[in-house]
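The primary structure of each chain is shown beneath.
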Amino acid sequence: ITFDKPVTPGGDVSVTVTAGGQVSNELIFRSVDLTSLPGYYVDLDLEQVLPAAPGFFTATANATSTTPAPAGSYCPVPGMQSAIPASPGYYVPTAGSASQTPAELGKFSSGSGNQMTTAAPLGSYTPILGCRAAIPAPAGTYVPTAGSSTVLPVPAGFTSSGEGASEITPLPQVEITSYTIESNGDHTIEFNSGAGQNYGIYYSENLKSFVLLEHVAGTGAVVSRTVTAPASSSPRGFFIVAPAATP
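Thresholds, definitions, all that
- Residues numbered from 1 in each chain as written.
- Predicted model: local features only at pLDDT ≥ 70, side-chain atom pairs only at ≥ 80, totals over all residues.
- Heavy atoms only, no water.
- Helix = DSSP H or I, 4+ residues; strand = E, 2+ residues; numbered from the N terminus.
- Contact = heavy atoms within 4.5 Å.
- Buried < 20%, exposed > 50% of the residue type's maximum accessible area, 1.4 Å probe, protein only.
- Polar contact = N/O pair within 3.5 Å; in protein donor to acceptor, adjacent residues only side chain to side chain.
- Phe/Tyr/Trp six-rings, centres within 6.5 Å; stacked < 30°, edge-to-face > 60°.
- Patch = residues over 30% accessible without salt bridge, like charges linked within 9 Å, V, L, I, M, F, W, Y side chains within 5 Å.
- Areas by Shrake-Rupley, 256 points an atom, 1.4 Å probe, with all protein chains shown as cover.
- Salt bridge = Lys/Arg side-chain N within 4 Å of Asp/Glu carboxyl O.
- Core = buried A, V, L, I, M, F, W, Y, C linked by side-chain atoms within 4.5 Å.
- Pairing = 2+ DSSP bridges.
- Axes fitted to C-alpha atoms, helices over the stretch in contact; angles between N-to-C directions.

Draft legend 1. Main features of the environment of V227. Along the chain, V227 turns up in strand 26 (residues 222–227). Sequence-wise, V227 and T118 are 109 residues apart; in three dimensions their C-alpha atoms are separated by 53 Å. When sequence neighbours within four positions are dropped, the list of residues in contact with V227 reads D186, H187, I189, I201, L213, E214 and F239.

This is the structure we're talking about:
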């Protein structure tokens, strides 16, 4: 076998074969430069054009290598021409990723292209994966720690500042010293009061909704009031005495 090397690199190669005194026709081999589109690259070792693997991309034509998706972005399929920024509610902590990760419970990711998540601040929570923002604790609940996925109900005997509360405050305790049902069906309630403190006498059938019956000014001593319950067909009713704002 005879090879005639090309005069210039990349030129034609001439090959002839001699066997049994006979010589073959000249064979010409011509090299062809491999080219690739964006999203693909030329593997010089394999001499093949291949798509960029998931997690990588090629932004230009005729690339001979790929670029890993930067942290905060990802390439989910082969042949990507650019990386995709992480969606709001998601994040990508490392380079070369083929997927994005939803923000965990108790955390959130606002905006796009996030490399990390943010813990829900005090007074708020994120109850599901992939939250874009923290949710303020509803009135009647509170969240005392950061990074929470749930809220806590305000327990009996305490109050909170309303929506977004992170703390609770004990209510002043009112001691009822006497309760009497009068012959006409009215109710006489006696309780210890603080000087300068205003109180409300409330009525409820379910301990969820309340009707204010009367405001009472505290005297620093026992206060007595007779009240009439609202007309109702309910077999039960409750009277509550609690501190109240001045009407």
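Draft legend 2. Representation of the side chain of S73. Mapping S73 onto the fold places it in strand 10 (residues 73–74). Residue S73 is classed as buried on the basis of its relative accessible area of 8%. Within the structure, the side chain of S73 is placed 2.7 Å from the backbone oxygen of P70, a separation counted as a polar contact. Those residues in contact with S73 that sit more than four places away from it in its chain are A83, I84, P85, A86, V92 and S97.

Draft legend 3. Quick look at the packing of aromatic side chains. All chains considered together, the criterion is met by three aromatic pairs. Centre to centre, the rings of Y179 and F239 are 6.2 Å apart; their planes meet at 40°, and the pair counts as tilted. Linking Y179 in strand 22 (residues 176–181) with F239 in strand 27 (residues 238–243), this pair joins segments that are 60 residues apart in sequence. Taking the relative accessible area as the measure of exposure, F239 reaches 18% and is therefore buried. In this structure an aromatic cluster arises from ring pairing among Y179, Y203 and F239.

Draft legend 4. Summary view of the environment of E47. Looking at where E47 falls in the secondary structure, it is placed in the loop between strand 6 (40–43) and strand 7 (48–51). For the pair E47 and G237, spaced 190 residues apart in sequence, the C-alpha separation works out to 88 Å.

Draft legend 5. Seen up close, a nonpolar patch on the surface. Taken together, the side chains of L34, L37, Y40 and V49 make up a nonpolar region of the molecular surface, amounting to roughly 360 Å² of accessible area. With respect to the secondary-structure elements, Y40 resides in strand 6.

Draft legend 6. Up close: the pattern of salt bridges. The tally for this structure, following the rule as stated, stands at one salt bridge. The residue E214 makes a salt bridge to R225 at a minimum N-O spacing of 2.9 Å. A residue pair is termed long-range when its members are at least 10 positions apart, and E214 in strand 25 (residues 211–217) and R225 in strand 26 qualify at 11 residues.

Draft legend 7. Local environment of the nonpolar core. Among the nonpolar cores identified, the biggest contains 10 residues, and these are I189, F191, Y199, I201, Y203, V216, V223, V227, F239 and V241. In terms of residue count, strand 24 (residues 198–204) provides more of this core than any other element does, three residues in total.

Draft legend 8. Structural context of the sheet that holds strand 25. With antiparallel pairing, the three strands of this open sheet are ordered in space as 25-24-27. This sheet does not close on itself; its edge strands, each paired only once, are strand 25 and strand 27. When strand polarity is set aside, the average angle formed by the axes of neighbouring strands in this sheet is 20°. Pairing of strand 24 with strand 25 involves six bridges; the strand directions are antiparallel. In the sheet register, Y199 faces strand 25, and the bridge partner there is V216.

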